[in-house]
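Residue-level listing of the chains:
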Amino acid sequence: MSAATVQVVLLGRYTTLAGPDEFVTSPIAVAEYSSIELGVWRGTMEDGGAVFEVKLQESMDQVNWTTIDTTVVPPVTETPMAADLSRTWLRLTVELTAGIFPVVSCYAGGLL
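The shown structure was predicted, so the numbers you read here are calculated from the model rather than taken from an experiment. (Residues numbered from 1 in each chain as written. Predicted model: local features only at pLDDT ≥ 70, side-chain atom pairs only at ≥ 80, totals over all residues. Heavy atoms only, no water.)

## Quick notes on the pattern of salt bridges
Right, on to step 1. Summed over the entire model, instances satisfying the criterion amount to 1 salt bridge.
Right, on to step 2. Here Arg 87 makes a salt bridge to Glu 58, at a shortest N to O gap of 3.1 Å. Highlighted residues: Arg 87 in the loop between strand S7 (77-84) and strand S8 (89-97) and Glu 58 in strand S5 (residues 51-59), separated in sequence by 29 residues.
Right, on to step 3. Judged by its relative accessible area of 2%, Glu 58 is buried. (Salt bridge = Lys/Arg side-chain N within 4 Å of Asp/Glu carboxyl O. Helix = DSSP H or I, 4+ residues; strand = E, 2+ residues; numbered from the N terminus. Buried < 20%, exposed > 50% of the residue type's maximum accessible area, 1.4 Å probe, protein only.)

See below:
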């Protein structure tokens, strides 16, 4: 029997990230679910030259992570992400690269 569809929020409205770095959400247990659909939004960055890259990753052990979807989110745009799930844990990583000191507000939420 498959699990019921549930709402999931990986980055709450409006999460602010600052500095060129990789930001990682806490892992969530997804063994009961077969897929995920997310909407990822970001505002304009204070350092306009920075890149906002998002990765969905899954793991069996919370140590070794495999990227199952990746996208670069344009400014003031909600970008869809979707992936089939085959492992126990799921997390989202956001990488702010380039630029001097990027600052951005964002959110990510959807359905399992």
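Let us keep going from here.
## What to know about the sheet that holds S7
Right, on to step 1. Read from one edge of the open sheet, 4 strands run S1-S9-S4-S7, paired in antiparallel fashion. Of all strands in the sheet, those with a lone pairing partner are strand S1 (7-18) and S7, marking the two edges. Along the sheet, successive strands turn relative to each other by an average axial angle of 15°, direction set aside.
Right, on to step 2. Pairing of strand S4 (residues 35-42) with strand S9 (residues 103-111) involves 6 bridges; the strand directions are antiparallel. Pairing of Leu 38 across the sheet is with Gly 110, part of S9. (Pairing = 2+ DSSP bridges. Axes fitted to C-alpha atoms, helices over the stretch in contact; angles between N-to-C directions.)

## Here we look at unusual backbone geometry
Right, on to step 1. Put simply, Arg 13 and Tyr 14 share a cis peptide bond, and its omega is -25°.
Right, on to step 2. Inspection of the secondary structure puts Tyr 14 in strand S1.
Right, on to step 3. Positive phi, close to 65°, is recorded for Gln 62, a residue that is not glycine.
Right, on to step 4. Along the chain, Gln 62 falls in the loop between S5 and strand S6 (66-72).
Right, on to step 5. Judged by its relative accessible area of 35%, Gln 62 is partly exposed.
Right, on to step 6. Although it is not a glycine, Val 76 sits at a positive phi angle of roughly 50°.

## Re the nonpolar core
Right, on to step 1. Counting 26 residues, the largest nonpolar core has Ile 36, Leu 38, Phe 52, Val 54, Leu 56 and Leu 92 as its most contacted members.
Right, on to step 2. Secondary-structure elements contributing two or more residues to this core are S1, S4, S5, S7, S8 and S9.
Right, on to step 3. In contact with Leu 38, other than residues within four places in its own chain, are Val 8, Leu 10, Leu 56, Thr 79, Pro 80, Met 81, Leu 92, Gly 109 and Gly 110. (Core = buried A, V, L, I, M, F, W, Y, C linked by side-chain atoms within 4.5 Å. Contact = heavy atoms within 4.5 Å.)

## Description of the environment of Ser 86
Right, on to step 1. Positionally, Ser 86 belongs in the loop between S7 and S8.
Right, on to step 2. Along the backbone, Ser 86 and Thr 97 are 11 residues apart, and their C-alpha atoms lie at a distance of 29 Å.
Right, on to step 3. Residues contacting Ser 86, with those up to four places away along its chain left out, are Glu 58 and Met 60.

## Section: the pairing of S9
Right, on to step 1. One ladder, built from 8 bridges, connects S1 with S9; its direction is antiparallel. For Leu 11, the partnering residue across the bridge sits in S9 and is Ala 108.

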